[in-house]
Amino acid sequence: MLKTLANMGVALALTFGGVTTAAQIASAQDLELRIGPDGVRPVIRDRDLDRDRDRDRRFDECSPRLALSIARDAGLRRAEVTRITRRTLTVQGMTRRGPERMVFANERGCPEL
């Protein structure tokens, strides 16, 4: 009788231990191990920050001030931003030859199109 209770207790402990281990494995999906010169380090990623960055694109857009600065460096005088869309930013100004416009991609760094 005592042996049967002990076996049942061991079986229950193994069952609950297995459930706890499975829960820990499921929650460890955001854990990353990096191996470097200072050894193995765990890195825990916060997925909420990634989600907020995708939602808030202000950091990845071309600022009108930067586009004006690039246009002035390229030789446009009296440059002004005339149009901003989701994909492009247009700057118009004057050169020696007359009116000119430059179109920039609405991305970080304002690459010219």
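Further up the page is the structure itself.
The present account deals with the structure reproduced in this document.

Definitions and cut-offs
- Residues numbered from 1 in each chain as written.
- Predicted model: local features only at pLDDT ≥ 70, side-chain atom pairs only at ≥ 80, totals over all residues.
- Heavy atoms only, no water.
- Helix = DSSP H or I, 4+ residues; strand = E, 2+ residues; numbered from the N terminus.
- Buried < 20%, exposed > 50% of the residue type's maximum accessible area, 1.4 Å probe, protein only.
- Areas by Shrake-Rupley, 256 points an atom, 1.4 Å probe, with all protein chains shown as cover.
- Contact = heavy atoms within 4.5 Å.
- Polar contact = N/O pair within 3.5 Å; in protein donor to acceptor, adjacent residues only side chain to side chain.
- Core = buried A, V, L, I, M, F, W, Y, C linked by side-chain atoms within 4.5 Å.
- Pairing = 2+ DSSP bridges.
- Salt bridge = Lys/Arg side-chain N within 4 Å of Asp/Glu carboxyl O.
- Axes fitted to C-alpha atoms, helices over the stretch in contact; angles between N-to-C directions.

Moving on: the overall build of the protein chain. The helix and strand tally for the protein chain stands at 3 helices and 5 strands. Its helices and strands taken in sequence order, the protein chain reads α-β-β-α-α-β-β-β from the N to the C terminus. A total of 113 residues make up the protein chain; the buried ones form 15% of that total. Per element, the accessible surface of the protein chain, about 9600 Å² overall, is 55% carbon and sulfur.

All right, on to the environment of R41 then. Looking at where R41 falls in the secondary structure, it is placed in strand β2 (residues 39-44). Apart from residues lying up to four places away in sequence, R41 is in contact with E32, L33 and R34. Within the structure, the side chain of R41 is placed 3.5 Å from the side chain of D38, a separation counted as a polar contact.

Further remarks concern the nonpolar core. Core analysis: the largest hydrophobic core is formed by 11 residues, namely C62, A67, L68, A71, L76, A79, L89, V91, M102, F104 and C110. Put simply, the parts of the chain that give this core at least two residues each are α3 (64-73), β4 (88-95) and β5 (98-105). If one sorts the elements of this core by residue count, α3 sits on top with 3 residues. Contacts of L89, omitting those with residues within four sequence positions, involve C62, P64, A67, V81, R83, I84, M102, V103 and F104.

Looking now at the pairing of strand β3 (residues 77-84). Bridging between β3 and β4 involves 5 bridges; their strand directions are antiparallel. Opposite I84, over in β4, you have L89 as the bridge partner. The turn linking β3 back onto β4 is made up of 3 residues.

A word on the pattern of salt bridges. Taken as a whole, this structure holds 1 salt bridge when the rule is applied. Among the salt bridges present, the one from R41 reaches D38, with a minimum N-O distance of 3.5 Å. Under the relative-accessibility criterion, D38 is labelled exposed at 55%.

What follows concerns the sheet that holds β3. With antiparallel pairing, 3 strands are arranged side by side in an open sheet as β3-β4-β5. The sheet is open, and its two borders are formed by β3 and β5, each paired with just one other strand. Pairs of neighbouring strands in the sheet enclose a mean axial angle of 25°, with direction left out of account. Sitting on the sheet, α3 touches β3, β4 and β5, and the angle it makes with β3 is about 140°.

In short, shape yes, function no, at least from these values alone.
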